[in-house]
Amino acid sequence: MSLRARIVLVFAAAALLLMAIIGLPAALIVSLIDQQYRAVIREKHDTAWLRSIEVASIPLVRQARFVANDPGVGSARSSSDAASASARLVEIMKDAEKVTALTRIDLVGKDAQLVASSDGLRAETPLIDAAAVFSEMTERSSAAVTGIAQHPSGALVAVASIPLPEGGLVAVAGPITDAVSRFADVLAADIFVTDTKSKLLASTKPALWAKIGAMAGGLDSIHDYTADHRHFKMVPTAIRNA
């Protein structure tokens, strides 16, 4: 799923004897002599990350289906009433807070342009690259496409998109927290998701980043370090959400 957040960096830090090198979908920025081994690792990384996003997005897919079948949303779309549609999306988000944390809901037309959003007039374009999502839905005959995007606020979010019967799609975004936690469980490590300037976007242990974050700037290979009287490896990974 090609989204606006093209590249983010993920730093995985784990105790040396406990580290399992299974990571995110991208080229690991490490110095490995064995290219074949590197390719195998990348394949494992891709599978693990995509699975983490897929599982974490299940509640988002459920909410997207609710929006797609909501009479209020359908009526507003039929009458091209963007204001009413946006207002209804806000109501749905508030109701969903009891069971699922949501960040934003977008309605996108067949032309890949934003029709309405829970962010209202603040939203000018969809969170996702809608044209790319439409293409993926067609290629994979997929009822749902999941991935990540960056909200205008700067927060990294998980997004689930489903097609609408009459054309267009609905995209529901929520915090990336669950996906990162699931991935950390697979990796048996602490995960730090940053932008390319090492600004922390999500983490399983923010307090540790305060101690090791300064070492991350410009880091492009596996780095050994000591913190809290333990020896660690920091593994930076550039991930492309495409």
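Since the structure is predicted, the reported quantities are computational estimates derived from the model, not experimental observations.

K.L.:
What exactly am I supposed to notice about the pattern of salt bridges here?
P.N.:
Pairing is possible between side chains that carry opposite charge, provided their charged atoms lie close to one another. This model, assessed by the stated rule, comprises nine salt bridges. Here R104 ties to D119 by a salt bridge, and the two come within 3.3 Å at their closest N and O atoms. Placement of the pair is R104 in strand 2 (residues 104-108) and D119 in the loop between strand 3 (114-117) and helix 5 (130-140), with a sequence separation of 15 residues. Accessibility expressed as a relative area gives 1% for R104, which makes it buried. Residue class for D119 comes out buried when judged on its relative accessible area of 11%. Within the structure, one salt-bridge network assembled from shared partners comprises R104, D106, D119 and R122.

K.L.:
How should I be thinking about the confidence of the model for the chain in this particular structure?
P.N.:
Predicted coordinates in regions of low pLDDT should not be interpreted in detail. Across the chain, pLDDT averages 78, with 74% of residues at or above 70. Across the chain, strand 2 holds the top mean pLDDT of 96, while strand 1 (residues 7-15) sits lowest at 55. Here residues 1-7 is modelled with pLDDT under 50, and outside its nearest four sequence neighbours on either side it reaches 34 contacts, counting other chains as well. Overall, residues 14-34 carries pLDDT values under 50, and its contacts beyond four positions in sequence, including any with other chains, amount to 72 contacts.

K.L.:
Please explain the environment of L114 as it appears in this structure.
P.N.:
Its place among the elements puts L114 in strand 3. Separated by 12 residues in the primary sequence, L114 and P126 have C-alpha atoms spaced 5.4 Å apart. Ignoring any residue separated from it by four or fewer positions in sequence, one finds L114 in contact with R104, D106, L107, A123, E124, T125 and P126.

K.L.:
Looking at this model, I keep getting lost on the nonpolar core. Mind explaining?
P.N.:
Across soluble globular proteins, nonpolar side chains show a tendency to be buried alongside one another. With 38 residues, the main nonpolar core has V67, I105, L107, V170 and I176 as its most contacted residues. If sequence neighbours within four positions are ignored, V170 has contacts with A64, V67, A68, I105, D106, L107, A160, S161, I162 and L164. Counting residues in hydrophobic clusters, the runner-up holds 15 residues, among them V108, A112, A130 and A171.

K.L.:
Where do I start with helix 4 (residues 82-96) in this structure?
P.N.:
One turn of the α-helix equals 3.6 residues, which is why residues spaced by three or four share an orientation. Taking 1.5 Å per residue, 15 residues should reach 21 Å; helix 4 reaches 21 Å between its end C-alpha atoms and fits that length. Packing partners of the buried residues in helix 4 comprise helix 2 (58-69), helix 3 (71-78), strand 2 and strand 3.

Calculation criteria
Every chain is numbered independently, its residues counted from 1 as its sequence is written. Side-chain atom pairs in this predicted model are given and counted only at pLDDT of 80 or more, local residue features only at pLDDT of at least 70, and totals for whole chains, interfaces and linings cover all residues. Derived side-chain values reflect all non-hydrogen atoms in the structure, with water molecules and hydrogen atoms excluded from consideration. What counts as a salt bridge is simple: a side-chain nitrogen of Lys or Arg found within 4 Å of a carboxyl oxygen of Asp or Glu. Numbering of helices and strands starts at the N terminus; helices are DSSP runs of H or I of at least 4 residues and strands are runs of E of at least 2. Any residue under 20% of the maximum accessible area for its type is buried, any over 50% is exposed, and the rest in between are partly exposed; the area is computed with a 1.4 Å probe on protein chains only. Here pLDDT means the predictor's own confidence in every residue, given as a number from 0 to 100. We call two residues contacting when some pair of their heavy atoms lies within 4.5 Å. The term nonpolar core refers to a set of buried residues drawn from Ala, Val, Leu, Ile, Met, Phe, Trp, Tyr and Cys, joined through side-chain atoms within 4.5 Å. Expected span of a helix, by definition, is 1.5 Å for each gap between consecutive residues, and there is one gap fewer than residues.

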